[in-house]
Amino acid sequence: MFRNVLKKTALLAQGARAAPAHQLIAARLITANAKAKIDSAVKSPLVVFMKGTPEEPMCGFSRAVVQILQMHGVDKIVSVDCLQDPEIREGIKEYTDWPTIPQVYVKGEFIGGCDVMVQMHQSGELHELLVKEKILPSESISEPEADPKSKD
């Protein structure tokens with residue numbers, strides 16, 4: 001205990017803040033190998049870290065994310081099967097500080113998991129993001145349908 005107090009005092013005296021314990025623990029859980037694999041994968045325009053593959057999802061949440069992307073017209077879904085590599089399965093959770101799989105990235109930015117994808121789909125934000133980031137062509141922006149009750 002005395003050493004911890006001494007270290008914190010020394011850090012504070014130097015003007016630095018001690019990292020919270022949960023950050024120190026998290027930093028230890030992701031291996032350099034897993035981090036390198038994840039860094040490489042998130043460079044794809046769109047990647048889903050999931051259980052299974054888009055063709056054979058092994059979890060209902062992974063299946064839902066794939067179906068949402070397909071409904072928006074995403075033909076080719078790059079994925080990382082977290083069930084095939086325990087380092088990636090645990091490492092991706094630490095990489096984003098997000099506790100669940102699937103995880104979706106667009107152009108290197110973490111978007112969220114299944115719940116976030118569902119919300120973005122329902123609000124229209126997902127379609128806007130996919131067009132903005134050129135995952136979908138701009139002509140896929142649909143015009144609001146005319147109200148069938150209105151007559152010209």
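To be clear, the structure that these remarks concern was listed above.
Since this is a predicted model, take the numbers as computed values, not measurements.

Here's the deal with the overall build of the protein chain
Link 1 in the chain: Looking only at helices and strands, the protein chain has 7 helices and 4 strands in total.
Link 2 in the chain: Helices and strands appear in the protein chain in the N-to-C order α-α-α-β-α-β-α-β-β-α-α.
Link 3 in the chain: Here the protein chain holds 152 residues, and 33% of them are scored as buried.
Link 4 in the chain: Put simply, 59% of the contacts in the protein chain that link residues at least 6 apart link residues at least 24 apart.
Link 5 in the chain: Approximately 10,400 Å² of the protein chain is accessible, and the part contributed by carbon and sulfur atoms is 55%.

Overview of the environment of M71
Link 1 in the chain: Tracing the sequence through the fold places M71 in helix 4 (residues 60-71).
Link 2 in the chain: Residue M71 is classed as exposed on the basis of its relative accessible area, which comes to 58%.
Link 3 in the chain: Each C-alpha atom, one on M71 and one on H121, is 9.4 Å from the other, the two residues being 50 residues apart in sequence.

Focus on the packing of aromatic side chains
Link 1 in the chain: One pass over the structure, following the stated rule, counts 4 aromatic pairs.
Link 2 in the chain: Taking the centre distance of 5.5 Å and the plane angle of 70° together, the rings of F49 and Y105 count as edge-to-face. Of the two residues, F49 sits in strand 1 (residues 46-50) while Y105 sits in strand 3 (residues 103-106), which places them 56 residues apart along the sequence. Of the two residues examined, F49 and Y105, each falls in the buried class.
Link 3 in the chain: With centroids separated by 5.3 Å and ring planes inclined at 65°, the aromatic side chains of W98 and F110 adopt a geometry described as edge-to-face. One end of the pair, W98, is in the loop between helix 5 (86-96) and strand 3; the other, F110, is in strand 4 (residues 109-112), with 12 residues separating them in the sequence.
Link 4 in the chain: Overall, the relative accessible area of 24% leaves W98 in the partly exposed class.

As for the pattern of salt bridges
Link 1 in the chain: Tallying each qualifying case throughout the model produces 4 salt bridges.
Link 2 in the chain: K132 is the salt-bridge partner of E133, the closest N and O atoms lying 3.8 Å from each other.
Link 3 in the chain: Residue classification places K132 among the exposed residues on the basis of a relative accessible area of 60%.

Parameters at a glance
Residues numbered from 1 in each chain as written. Predicted model: local features only at pLDDT ≥ 70, side-chain atom pairs only at ≥ 80, totals over all residues. Heavy atoms only, no water. Helix = DSSP H or I, 4+ residues; strand = E, 2+ residues; numbered from the N terminus. Buried < 20%, exposed > 50% of the residue type's maximum accessible area, 1.4 Å probe, protein only. Contact = heavy atoms within 4.5 Å. Areas by Shrake-Rupley, 256 points an atom, 1.4 Å probe, with all protein chains shown as cover. Phe/Tyr/Trp six-rings, centres within 6.5 Å; stacked < 30°, edge-to-face > 60°. Salt bridge = Lys/Arg side-chain N within 4 Å of Asp/Glu carboxyl O.

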